[in-house]
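Observations on the three-dimensional arrangement
One letter stands for each residue in the lines below.
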Amino acid sequence: MSRLMHVTSGPYAPPVARRELVAVSADGARLHVEVHGDEGAPAVVLAHGWTCSTAFWAAQIRALAATHRVVAYDQRGHGRSPAARIHSTTALADDLVAVLEAVLAPGERAVVAGHSMGGMTIMAAAGRPEFAQRAAAALLCSTGSSRLVAEALVLPVRAGRVRTRITGAVLGARAPLGPVTPVGKKVLKYATMGPGSAPDKVEACARIVHACPTGVRHAWSQVLAGLDLDADVARLAVPTAVIGGTADRLTPIVHARGLAAALPNCVGLTELTGMGHMTPVEAPEAVTAALRELAELHLGTTDPGTTDQATTDPATTEKEKTP
């Protein structure tokens, strides 16, 4: 029944950052930023999704920080970043640019990854020269560029205007989620995770999502309901990998396939069989492996002594495609 913002033990408990800082966005919004790993290591920057926080990336941070400098930040109004007046995709792009400028040395580039709204953040920033100068490659994880409400499968009814209207009302509800309870975890698992998700993964996601302030959740739901970043996808010229879960109800796999087809420099689509929307938690090895590969190919890093566990974990069966 606690409002604890994240679990405190196990692989999904967020590790302690090496250092923390505040990045200031174009409109003055202040963003909480965490840096893990050695300062001189190759950089990976992580942007979380709607209703989440830096804690969402705990598994990736823990796996990569020994060999990479892993930067995670709280989107405005989420986690430890204060609520802001402006809620828009332009603001998301401003925020990402501000974080990149704050954490990267002159001339340094990073692999930039985004889950859900974090992926939309990357798309929104794609046309910015600051992003082009700072991003060596990108990972779009469980995300989409438009028609989010119309394509969502949260309600098990036929597609059409009625389903779209009701889905929008449900996702944009102003009602508080309240404390984490067994019923609340069942609802969250149904809406956002695959049917085989382990209890510890459901618990980790529930703690994070339920901690998001109601007003923030509602404000960003309105932005996502009207999202149209299709034109921005065509501007995302850096090498970009796409990951999606085949059981994702919030951003069904049709979005991942559409992004892979539309991106000018897609370097692969990974479909995670049976996984839902929360892929960095549901299939942490697969997401981590994708980040490692992008860093090796586009930052010139090598990570000896590690294995791609995703290929041996039956819970995260992958299907690779090259568009």
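Cut-offs and rules
- Residues numbered from 1 in each chain as written.
- Predicted model: local features only at pLDDT ≥ 70, side-chain atom pairs only at ≥ 80, totals over all residues.
- Heavy atoms only, no water.
- Buried < 20%, exposed > 50% of the residue type's maximum accessible area, 1.4 Å probe, protein only.
- Helix = DSSP H or I, 4+ residues; strand = E, 2+ residues; numbered from the N terminus.
- Pairing = 2+ DSSP bridges.
- Right-handed = clockwise from strand over helix to strand, strands pointing away.
- Axes fitted to C-alpha atoms, helices over the stretch in contact; angles between N-to-C directions.
- Parallel < 35°, antiparallel > 145°, perpendicular 65-115°, else oblique.
- Contact = heavy atoms within 4.5 Å.
- Nonpolar A, V, L, I, M, F, W, Y, C, P; charged D, E, K, R; others polar.
- pLDDT = per-residue confidence, 0-100.
- Patch = residues over 30% accessible without salt bridge, like charges linked within 9 Å, V, L, I, M, F, W, Y side chains within 5 Å.
- Areas by Shrake-Rupley, 256 points an atom, 1.4 Å probe, with all protein chains shown as cover.
- Salt bridge = Lys/Arg side-chain N within 4 Å of Asp/Glu carboxyl O.

Let's talk about the pairing of strand β8 (residues 266-272)
Burial within β8 is extensive, with 6 of its 7 residues counted as buried. The pairing of strand β7 (residues 240-245) with β8 spans 6 bridges and is classified as parallel. Looking at the pairing, Thr240 lines up with Cys266 of β8. In this region the chain leaves β7, passes through helix α11 (residues 253-262) and returns to the parallel neighbour β8; the handedness of that crossover is right-handed.

Section: the packing of helix α2 (residues 89-103) against helix α3 (residues 117-125)
The geometry of α2 relative to α3 is characterised by a closest axis approach of 8 Å and an angle of 85° between their N-to-C directions. Here α2 is positioned roughly perpendicular relative to α3, judged by the angle of their axes. Touching Thr89, Leu92, Ala93 and Leu96 of α2 are Met117, Thr121, Ile122, Ala124 and Ala125, all from α3. A per-class count over the contact of α2 with α3 returns 7 nonpolar, 2 polar and no charged.

Section: the confidence of the model for the protein chain
Overall, the prediction assigns the protein chain a mean pLDDT of 91, with 92% of residues at 70 or greater. This stretch, residues 304-323, has a pLDDT under 50; its non-local contacts, to residues over four places away or in other chains, come to 34 contacts.

Topic: a nonpolar patch on the surface
Taken together, the side chains of Val162, Ile166 and Val170 make up a nonpolar region of the molecular surface, amounting to roughly 250 Å² of accessible area. Along the chain, Val170 turns up in helix α6 (residues 161-171). Residue classification places Val170 among the partly exposed positions, given a relative accessible area of 45%.

Topic: unusual backbone geometry
Phi angles above zero are rare outside glycine, and Thr51 is one such case at about 70°. Position of Thr51 among the secondary structure elements: in the loop between β3 (43-47) and α1 (58-64). Its relative accessible area of 6% is what places Thr51 among the buried residues. Look at Ser116: it is not a glycine, yet its phi comes out positive at around 55°. Here Ser116 is to be found in the loop between β5 (110-115) and α3.

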